[in-house]
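Listed here are the chains, written in short residue letters.
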Amino acid sequence: MDRRQFIVAAAQGSAAAACGGLLWYALVEQQARAAVPLRPPGARAERDFAASCIKCGLCVQACPYDTLKLVKTAEPGVAGTPAFTPRDVPCYMCENIPCARVCPTGALDPQFPDIAKARMGLAVIDPESCLSWQGLRCEVCYRVCPLRGKAISVVNHPRQISKHALFVPVVHSDACTGCGICEKKCPTEVAAIRVVDPKLVQGRIGAHYRLGGKPEAAAPEALPSTAPSKPAPAPTPRTPPPAGALDYLNRGATP
Amino acid sequence: MNLPSALTSTPGAARPVRHFEMPASVGGRLRVLRFTIARRLVQFGVLLLFAGTLHWGWQALGAPLLAGNLSAAKFAGVLPLADPFAVLQMLVAGQWLVAEVLIGAALTLVAYTLLGGRVFCAWVCPMNVVTDAAFWLRNRFGIGASEDLLRVPARARYVLLAVALVVSAASGVAAFEWLSPVAMLHRELLYGVGLGLTGALGIFLLDAFAVRHGWCGHLCPLGAFWATLGRVGQVKVAFDDASCTRCGDCVKVCPEPRVLHFGQAAARAMIAAGECTACGRCVAICPERSLSFALRVRVRRPPAAAHAEPTSGGNR
């Protein structure tokens, strides 16, 4: 083989490898960004979870309720990784978290401390099909919730025209683990309360909003608060608006 | 197919050449097929241990007997095992992993490397059953006599091995594990059948009709991984040059015909290449019994042949 042939052969080989590699990369990326199924408790963030899960199924075998299933090829989600469908079998929130304990890679944190801190998903309610929202005293989701009163509470909601109020379930995202028992037990034909990936439904206010009537201590660059526990930083001196500058808005309004 | 040029050119083939003939007796046939039968028993035995633990709750020492699958497993609740190639991809992808899987991968790596890396391929891998079936079909219906439909270099698997690691590093996920037809086949046999079996069917068709030994012998990066480590394996096929007549029957049945290079084999008194899967087909059919399984440390180099043949270079 002379030098020219070698260079041509090397270029052909590299091009074939690069072509295959790019296709492969596209496939892997596409799968990595596809719809996310509900993960077992203690899972890393989805991208890292899917990457560090070795797809051995030890968590599936450890689950005493047959909740977990390995995602089959061509089902939504990365094939071979564990997931569950609450309407089939929800997570019954074992206190010792056997699924996470047996994970050999750490895709599920084997030392995950407290099942109540799991965030497998977030329950959301469809008021259009929720019986409570139709005026019935259903409240099944509230009753079956393992964190009743913390993750789901029932609140009184005024009803138009009728003098009877509604009693509607409300999910609190700070406590909901996404176990899905509510979805499993919801009596409607298609569950009116469902566990979904929080990213699909949760918004974020943004730090620049100042909410009236709420303590602002949590905001990092909060305006001087009146809370006595915190020494108020020196108020930023503001140049007072020139007298009369904004008065045109009220011109003629005062009696 | 092409026989190695060394086949015809090597001296010492003065004795009459006898070819292998399948014995008529059942006992003789079983003897010829003994390694194949043993391999099927091991392959299905491993699958049965996993399935028994998963579906029927088999236990040992009060813990699940063999939980998990070929990607990662736990034996009797104490011994972790893991696929070192999968773990390598994850590490390259930048994932930090807990100690258990690293220990398991190290144990598996040492065990298979000592045995001879590709012992996994011929004795444990479930895809081997599929590709062996395709090879049988090829020979039975004479498909093998015609040219391969596609020409794939046998070293393509090493390129795929490298590409798998590069894509793992680029995407941050274990690239081969995400589409490994081997893992899919094994997983879906255990945990429920989805489309994973289509991969196995595709490989069957590839091997049967398009490329002779297409998957295991040309493409599989996992096989390439084990072949790389298999060079230092301890279980080897020993070769007795004195009795060999160069009939070439071993080359015809070998799934990796390149490893049966008579010059190199004579010089080292064994089949040294890492691609050898230790399937034992050649051992079973050699009419002169020139081939046998032996531990590497027990193989003695013939003093005369040690420098008679250079050990470098291929035979094509």
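Residues numbered from 1 in each chain as written. Chains lettered and ligands numbered in written order. Predicted model: local features only at pLDDT ≥ 70, side-chain atom pairs only at ≥ 80, totals over all residues. Heavy atoms only, no water.

**Regarding the overall build of chain A**
Next up, step 1: Along the backbone of chain A there are 7 helices and 6 strands.
Next up, step 2: Moving toward the C terminus, one meets the helices and strands of chain A in the order α-α-α-β-β-α-β-α-β-β-α-β-α.
Next up, step 3: Here chain A holds 255 residues, and 36% of them are scored as buried.
Next up, step 4: Within chain A, counting contacts between residues at least 6 apart in sequence, those at least 24 apart form 62% of the total.
Next up, step 5: Carbon and sulfur atoms form 58% of the exposed surface of chain A, whose accessible area is close to 15,800 Å². (Helix = DSSP H or I, 4+ residues; strand = E, 2+ residues; numbered from the N terminus. Buried < 20%, exposed > 50% of the residue type's maximum accessible area, 1.4 Å probe, protein only. Contact = heavy atoms within 4.5 Å. Areas by Shrake-Rupley, 256 points an atom, 1.4 Å probe, with all protein chains shown as cover.)

**Considering the packing of aromatic side chains**
For any two aromatic rings, the description comes down to two numbers: the centre-to-centre distance and the angle of the planes.
Residue and element names in this part refer to chain A.
Next up, step 1: On inspection of all chains with the given rule, the structure shows 10 aromatic pairs over all chains.
Next up, step 2: Look at Y65 and Y92: their rings are 4.8 Å apart centre to centre, the planes differ by 50°, and that puts the pair in the tilted class. Taken together, the positions of Y65 in the loop between α3 (58–62) and β1 (69–70) and Y92 in the loop between β2 (82–83) and α4 (98–101) put the pair 27 residues apart, joining distant regions of the chain.
Next up, step 3: Classification of Y65 by relative accessible area gives partly exposed; the value is 43%. (Phe/Tyr/Trp six-rings, centres within 6.5 Å; stacked < 30°, edge-to-face > 60°.)

**Examining the pattern of salt bridges**
Next up, step 1: Taken as a whole and judged by the stated rule, the model has 14 salt bridges over all chains.
Next up, step 2: Residue R47(A) is joined to E29(A) by a salt bridge in which the shortest nitrogen-to-oxygen separation is 2.7 Å. Here R47(A), found in helix α2 (residues 46–52), pairs with E29(A), found in helix α1 (residues 3–32); they are 18 residues apart in sequence, far enough to count as distant.
Next up, step 3: Residue classification places R47(A) among the partly exposed residues on the basis of a relative accessible area of 32%.
Next up, step 4: Among the residues examined, E29(A) registers a relative accessible area of 10% and is labelled buried.
Next up, step 5: In this structure, R246(B) and D241(B) form a salt bridge, with 2.9 Å as the shortest nitrogen-oxygen distance.
Next up, step 6: Each of the salt bridges in this network shares a partner with another, and the network as a whole consists of R39(B), R40(B), D132(B) and R281(B). (Salt bridge = Lys/Arg side-chain N within 4 Å of Asp/Glu carboxyl O.)

**Here we look at the nonpolar core**
Next up, step 1: The biggest cluster of nonpolar side chains holds 89 residues, and the ones touching the most others in it are W24(A), I193(A), F120(B), M127(B), W215(B) and L222(B).
Next up, step 2: Broken down by element, the residue count for this core peaks at 5 residues, all from helix α6 (residues 119–123) of chain B.
Next up, step 3: Residue contacts for W215(B): discarding those within four places in its chain leaves M127(B), T131(B), F176(B), P181(B), V182(B), I203(B), L206(B), D207(B), C220(B) and P221(B). (Core = buried A, V, L, I, M, F, W, Y, C linked by side-chain atoms within 4.5 Å.)

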